[in-house]
Amino acid sequence: MPLISSRKFNLKVRASSAAGEEAYQDEFSWSSVILPFLFPALGGLLFGYDIGATSGATLSLQSPELSGTTWFNLSAVQLGLVVSGSLYGALFGSILVYPIADFLGRKRELLVAALLYFLGGSITSYAPDLNILLIGRVLYGLGIGLAMHGAPLYIAETCPSQIRGTLVSLKELFIVLGILLGYFVGSFQIDAVGGWRYMFGFSAPVALLMGLGVWGLPPSPRWLLLRAVQGKASLQEYKEKAVVALSKLRGRPAGDKVSEKQIEDTLVSLKSAYGSDQEEGSVFEVFQGPSLKAFVIGGGLVLFQQITGQPSVLYYAGQILQTAGFSAAADATRVSVVIGVFKLLMTSVAILKVDDLGRKPLLIGGISGITVSLLLLSAYYKFLGGFPLVAVGALLLYVGCYQISFGPISWLMVSEIFPLRTRGKGISLAVLTNFGSNALVTFAFSPLKELLGAENLFLLFGAIALLSLAFVLLYVPETKGLSLEEIENKILK
């Protein structure tokens, strides 16, 4: 047996019950935690892979010598559709999952996401013409929309609360790893005839692995209880299934007493939240009461994550490094890899500290650094043009601070802040907000740059970052160490 399988962690867990709160030992093995995290996290890796591979694939696709097609001479609109096809799919996917998230369940949603990833990657790689290619891109994007909803939801609902921050943040690391993998495959296949087919198609076997892995995972115990309380299944039957699922997720014997106690406490909390109304909530319930408060927090974070200008800052990365005399700036792929590795390192810092320092301190420190970096970039383009190292330092400060704050923490907060009753709908709305604001920033960037100039554009982003800091200070709570039920009962009420 490997060493990790035998390592046990005895952790005090506070469980809410009708009689009050009592502490009991929540014992789990790391070996039982790894797979329920790993396979859903592959959905994040495949999202990142699309970001990294698309840049190299579009270069290959447009090359008269290397495209391997007769339709390589794409117009600007056609190229834009190839690049953003997955974004449109992700937007539609997040809309589609809103009314059906609780019906599908976390596990089935991830299985559908894996299937869409597989179909999208396969169809794109074998596409005989542009129309089929675009269909494949949209299908892949649908997979992104479902995976970015289902993965944080499943991980947050199934992992122990003491390491929830670490594991959900680790999913962000998988996105960054996916970006680097996309860059690597792109650089390896960039000189091959029809290399774009390999770049897009590489995602298919990874999607297959994700699907097979998720197939073997237990369903979310909290989802089973939710459906039972909603009257969609037998309460006793689904309660027993939830106990078996939780025992498996914690590496305990089937139907052990500790798991029974945890499931009973979760059920009491859920019945209390539903009160006498135990029907499935309406599609508008997420805009009412505690759910609205949760959406303001989670939706606000993913909105500020995009509108503080991350795509714009990275757009200028090559130019900034080139003015500082870095030869790597001549090679966009190498610059991207360097920045990607730095993102990876800084995300690792967040993962190591999120369950130690907490969510809010990382957000405050990171956003403060983002604000300073944007003001420095504005000053560089306005009157510090003779000091290129200022711009390089500001660029690295921005990337590093983003990766310890908005990057992982926004998705972590989204995954844990919504009440169980509306968690599926709430997270789908947050995902829609994220992809929608991403599209808005992407489309508005060029006209804003032309209208304002780089110096004023960065000044605008700096002002937005300052506003986001105030939002975090005033509205975002600390959820470190709390169970999902405690967050619902203590913070949202």
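The structure displayed is predicted, hence computed values, not measured ones.

Looking at this structure, I do not really get the pattern of salt bridges. What am I missing?
Side-chain pairs of opposite charge can arise whenever the charged atoms involved come near each other. Counting across every chain of the model gives 13 salt bridges. With its nearest N and O atoms 3.4 Å apart, the salt bridge here joins Lys 241 to Glu 237. One end of the pair, Lys 241, and the other, Glu 237, are both in helix α11 (residues 235-250), four residues apart, so they sit about a helical turn from each other. Under the relative-accessibility criterion, Lys 241 is labelled partly exposed at 40%. A salt bridge links Lys 239 to Glu 264; its shortest N-O distance comes to 2.4 Å. Note that Lys 239 is positioned in helix α11 and Glu 264 in helix α12 (residues 257-274), a separation of 25 residues in sequence.

Is there a simple way to think about helix α7 (residues 164-189) in this case?
An α-helix turns once every 3.6 residues. As a result, residues three or four positions apart point the same way. In this model, α7 (26 residues) spans 37 Å end to end at C-alpha, consistent with the 38 Å of a helix rising 1.5 Å per residue. Among the 26 residues of α7, 21 are classified as buried, and the element is accordingly described as predominantly covered.

What should I look at first to understand the packing of helix α2 (residues 30-62) against α11 in this one?
Geometrically, a packed helix pair is captured by the angle between its two axes and the distance between the axes. Where α2 contacts α11, the axes come no closer than 6 Å and their chain directions differ by 110 degrees. Here α2 is positioned roughly perpendicular relative to α11, judged by the angle of their axes. Residue-level contacts link Ser 32, Val 33 and Pro 36 of α2 to Lys 248, Leu 249 and Arg 250 of α11. Among the residues making up the contact of α2 with α11, the classes are represented as three nonpolar, one polar and two charged.

Would you take a moment to explain the packing of aromatic side chains for this structure?
The description of an aromatic ring pair rests on the distance of the ring centres and on the angle between the ring planes. Tallied over the entire structure, the rule returns 14 aromatic pairs. Centroid distance Phe 287 to Phe 295: 6.1 Å. Interplanar angle 80 degrees. Geometry classified as edge-to-face. Classification of Phe 287 by relative accessible area gives partly exposed; the value is 39%. With a centroid separation of 5.1 Å and 80 degrees between ring planes, the pair formed by Tyr 380 and Tyr 381 is classed as edge-to-face. The exposure class assigned to Tyr 380 is buried, which follows from its relative accessible area of 8%. An aromatic cluster of at least three residues, connected via ring pairs, comprises Trp 71, Trp 196 and Phe 200. Between the NZ or CZ atom of Arg 108 and the centre of the ring of Phe 103, over which it lies, the distance is 5.6 Å.

Calculation criteria
- Residues numbered from 1 in each chain as written.
- Predicted model: local features only at pLDDT ≥ 70, side-chain atom pairs only at ≥ 80, totals over all residues.
- Heavy atoms only, no water.
- Salt bridge = Lys/Arg side-chain N within 4 Å of Asp/Glu carboxyl O.
- Helix = DSSP H or I, 4+ residues; strand = E, 2+ residues; numbered from the N terminus.
- Buried < 20%, exposed > 50% of the residue type's maximum accessible area, 1.4 Å probe, protein only.
- Expected span 1.5 Å × (residues − 1).
- Axes fitted to C-alpha atoms, helices over the stretch in contact; angles between N-to-C directions.
- Parallel < 35°, antiparallel > 145°, perpendicular 65-115°, else oblique.
- Contact = heavy atoms within 4.5 Å.
- Nonpolar A, V, L, I, M, F, W, Y, C, P; charged D, E, K, R; others polar.
- Phe/Tyr/Trp six-rings, centres within 6.5 Å; stacked < 30°, edge-to-face > 60°.
- Lys NZ or Arg CZ within 6 Å of the ring centre and 35° of its normal.

By themselves, these are just geometric observations and shouldn't be taken as functional.
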